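Coordinate inspection notes
Next come the chains, spelled out residue by residue.
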2 protein chains.
Amino acid sequence: MASAAPPPPPTATAELNMNLSTNYPLFTRIRLAGKPDVSAIHKMIHQMAVFERLSDQCSATEPSLSATLFSNNTPFESVTVFLIEVSTTLFPSSVSHHPKFSPIHKTLNLDCPISDPEMETFNSSKTEDAIIIAGFVLFFPNYSTFLAKPGFYIEDLFVRECYRRKGLGKMMLSAVAKQAVAMGYGRVEWVVLDWNMNAIKFYEQMGANVMQEWRVCRLTGDALQGYATTSGTHDLDLI
Amino acid sequence: MASAAPPPPPTATAELNMNLSTNYPLFTRIRLAGKPDVSAIHKMIHQMAVFERLSDQCSATEPSLSATLFSNNTPFESVTVFLIEVSTTLFPSSVSHHPKFSPIHKTLNLDCPISDPEMETFNSSKTEDAIIIAGFVLFFPNYSTFLAKPGFYIEDLFVRECYRRKGLGKMMLSAVAKQAVAMGYGRVEWVVLDWNMNAIKFYEQMGANVMQEWRVCRLTGDALQGYATTSGTHDLDLI
């Protein structure tokens with residue numbers, strides 16, 4: 001299995017070469033996303049909507065995402081996206097680090113290479129070595145009054161189809177959980193569709209409690225817009 | 001009882017006197033909360049926990065709330081609290097207005113006066129006319145990738161027991177919905193316990209869709225803390 005290989009020392013040695021020669025190494029990196037990544041995020045959001053059978057509810061466009069994501073450049077204080085990237089060559093070490101987050105690297109040893117039909121579309125590299133965006137997790141702070149602590153709410157966790165069942169989702173969820181702990185936050189929460197048994201099993205294995213008695217309420221569309229015209233009852237409208 | 005006395009009219013007119021003379025008027029105001037309100041908010045959070053049969057999960061203290069609420073003084077961009085206050089006399093007009101929100105006033109004509117056993121505890125007035133905090137709604141921005149728009153998530157909506165069934169909860173929920181529309185947001189969301197049929201009926205009457213197929217997942221406590229020690233796998237830990 002990929003995770004069974006003993007880790008080599010960090011500097012390149014003969015041992016490293018020997019370990020890699022018998023497998024297909026896939027280098028992965030989790031990093032903060034920014035404005036230049038919106039195009040890839042947009043495509044993945046729509047792929048996710050198809051998987052969730054909710055395409056009819058997905059009206060996001062690349063311009064509308066550009067206008068609302070990463071506008072204040074303060075990761076973790078508002079909407080934040082981690083991307084997971086993969087490459088068959090080592091990542092360059094030139095990525096600038098955020099004060100509260102450094103990219104997370106891990107190497108997988110696969111039994112067979114991955115054929116990515118959308119490799120060109122999701123290539124985020126400006127060099128000749130391809131760096132492919134394989135998934136994303138989008139989250140933002142929430143707040144628990146019971147704990148009197150902030151937490152993180154994960155809106156989306158998505159791994160592109162050809163990279164699934166390799167542990168990438170687990171790596172991204174772990175990264176968010178680890179960030180929450182580092183910031184002293186009390187909870188990480190998200191929702192799951194009750195028919196998505198694979199996801200539920202995965203989340204439970206990650207230590208999450210899938211709560212059965214809460215229901216999500218949503219006020220949106222025309223029902224929400226109707227409140228624009230409800231009685232303002234400002235100062236002069238006393239009775 | 002204190003709340004039984006009909007209030008003097010603000011600008012005495014015969015018409016106003018006639019309207020009020022047959023009922024018990026209760027003046028209400030929704031305003032932004034701030035640091036000085038944390039004590040009252042703390043008490044209401046614990047009353048809410050009792051109602052929800054979740055007291056064992058409520059560890060918030062007044063100092064821990066003080067340390068985490070209203071720290072950046074930017075309502076609507078992070079955790080925001082609206083308080084609903086009631087008074088048997090007209091509210092003074094001296095409240096400072098936020099650029100994005102003006103207090104919302106409404107007068108209820110009740111059939112009988114309200115006896116508030118905790119009137120002293122929840123008196124937020126510094127003058128001799130009592131202004132009583134009757135409830136609160138706590139919310140913060142979230143984000144929908146499908147809409148590519150922010151929204152509001154309501155963490156808590158609470159009306160103190162003696163003020164229930166007077167429309168105060170509806171007024172607070174409407175205020176949040178109206179604020180969302182004013183800011184161009186796409187959704188207002190919250191969760192409800194599946195056994196709380198009164199709340200579910202109320203929310204549906206407000207236009208909300210109570211979604212049956214989503215389940216809330218929560219990673220907290222020791223399960224979350226465990227991620228502090230998961231493999232950092234930073235730059236030097238490549239495999």
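Residues numbered from 1 in each chain as written. Chains lettered and ligands numbered in written order. Predicted model: local features only at pLDDT ≥ 70, side-chain atom pairs only at ≥ 80, totals over all residues. Heavy atoms only, no water.

Per an unreviewed UniProt entry, chain A goes by the name N-acetyltransferase domain-containing protein and belongs to Mikania micrantha.

Some thoughts on the interface of chain B and chain A
So the rule is basically this: Contacts are residue-level and defined by heavy atoms, with any inter-residue pair within 4.5 Å sufficient. Note: buried area is the sum, over both parts, of the accessible area (probe 1.4 Å) each one loses when the two are combined. The term salt bridge refers to a pairing of a side-chain nitrogen on Lys or Arg with a carboxyl oxygen on Asp or Glu at a separation within 4 Å. Counting of polar contacts relies on pairs of N or O atoms within 3.5 Å, with two restrictions inside protein: one atom must be capable of donating a hydrogen and the other of accepting it, and residues adjacent in sequence are counted only when both atoms are side-chain atoms. Note that Gly is not counted as nonpolar here; it falls among the polar residues with everything else outside the nonpolar set of Ala, Val, Leu, Ile, Met, Phe, Trp, Tyr, Cys and Pro and the charged set of Asp, Glu, Lys and Arg.
Between chain B and chain A, the contact holds 87 residues from the first and 88 residues from the second. At the boundary of chain B with chain A, total buried surface from both sides reaches about 8300 Å², with 59% on carbon and sulfur atoms. The interface formed by chain B and chain A contains four salt bridges. Residue R215(B) is joined to D194(A) by a salt bridge in which the shortest nitrogen-to-oxygen separation is 3.8 Å. At the junction of chain B with chain A, the criterion picks out 30 residue pairs in polar contact (both at pLDDT 80 or more). Considering only residue class, the side of chain B that touches chain A consists of 49 nonpolar, 25 polar and 13 charged.

Some thoughts on the sheet that holds strand β3 (residues 104-110) of chain B
What links the strands of a sheet is backbone hydrogen bonding, and the strands pair in either a parallel or an antiparallel sense. Going by this rule: For two strands to count as paired, DSSP must find a minimum of two bridges between them. In this description a helix means any DSSP run of H or I spanning at least four residues, a strand means any run of E spanning at least two, and both kinds are numbered starting from the N terminus. To define axes, lines are fitted to C-alpha atoms, for helices over the stretch in contact only, and angles between the resulting N-to-C directions are given on a 0 to 180 degree scale.
In spatial order, the strands read β3(B)-β1(B)-β2(B)-β4(B)-β5(B)-β6(B)-β8(A)-β7(B); together these eight strands make up an open sheet with mixed pairing. The open sheet has two edge strands with one neighbour each: β3 and β7 (209-211) of chain B. The mean inter-strand angle of the sheet, taken between neighbouring strand axes irrespective of direction, is 25°. As defined by bridge partners, strand β8 (residues 214-220) of chain A adjoins β7(B) across three bridges and the pair is classed as antiparallel. Within β7(B), the residue paired with C217(A) across the bridge is V210(B).

Considerations on unusual backbone geometry
Residues and elements named next belong to chain A. For F76, which is not glycine, the phi dihedral falls at a positive 80°. Relative to the helices and strands, F76 resides in the loop between α3 (62-68) and β2 (80-87). Positive phi, close to 60°, is recorded for R165, a residue that is not glycine. Structurally, R165 can be placed in the loop between β5 (149-159) and α4 (168-182).

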